[in-house]
Amino acid sequence: MDVSRPVKCMPDVIIYLDVKIDTALKRIINNRKVLKYRDEKLSVLEKKKNVLGFVSTYYLYFLKNIKKFTGTDIRVEYIDANRPENMVLNDTIKIIEKLL
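Below, the structure is looked at part by part. From a predicted model like this one, the values you see are computed outputs, not experimental measurements. (Residues numbered from 1 in each chain as written. Predicted model: local features only at pLDDT ≥ 70, side-chain atom pairs only at ≥ 80, totals over all residues. Heavy atoms only, no water.)

### Details of the packing of aromatic side chains
For step 1, the next point in the chain: Taken as a whole and assessed by the stated rule, the structure comprises 4 aromatic pairs.
For step 2, the next point in the chain: A centroid spacing of 6.5 Å and a plane angle of 45 degrees characterise the contact between tyrosine 58 and tyrosine 61, whose relative ring orientation is tilted. Taken together, the residues span about one helical turn, with tyrosine 58 and tyrosine 61 both in helix H3 (residues 49–64) at a distance of 3 residues.
For step 3, the next point in the chain: The exposure class of tyrosine 58 is partly exposed, given its relative accessible area of 41%.
For step 4, the next point in the chain: Where tyrosine 61 meets phenylalanine 69, the ring centres are 5.9 Å apart and the plane angle is 80 degrees; that geometry is what we call edge-to-face.
For step 5, the next point in the chain: In this structure phenylalanine 69 comes out as partly exposed when scored by relative accessible area, which is 38%.
For step 6, the next point in the chain: Aromatic rings pair up to connect Tyr58, Tyr61, Phe62 and Phe69 into one cluster.
For step 7, the next point in the chain: Across from the ring centre of tyrosine 78, 4.9 Å away, lies the NZ or CZ of lysine 64, which sits over that ring. (Phe/Tyr/Trp six-rings, centres within 6.5 Å; stacked < 30°, edge-to-face > 60°. Helix = DSSP H or I, 4+ residues; strand = E, 2+ residues; numbered from the N terminus. Buried < 20%, exposed > 50% of the residue type's maximum accessible area, 1.4 Å probe, protein only. Lys NZ or Arg CZ within 6 Å of the ring centre and 35° of its normal.)

Shape is all these values report; function is a separate question.
What follows is the structure, encoded as structure tokens:
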């Protein structure tokens, strides 16, 4: 047995909270006392919305093609996180409870 060989662990399910960038930034502003990201004010994130949009697009592409990237069929649950936070939380809890 080669103990130095990396072990590949895959999740049973991925829960993706799909939220618009503007909604996410508003929530960050409303829920954080200190608005800093990597020692810079939050405005850095606001200036990089196009980059965040690209990252979001790539995440969705990756998840929709997960078997191609991982070689494994992993269940992906998408939650519309633009809705009120309590609804998002309830949907997330329901998914997790089904797994238990």
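Continuing now.
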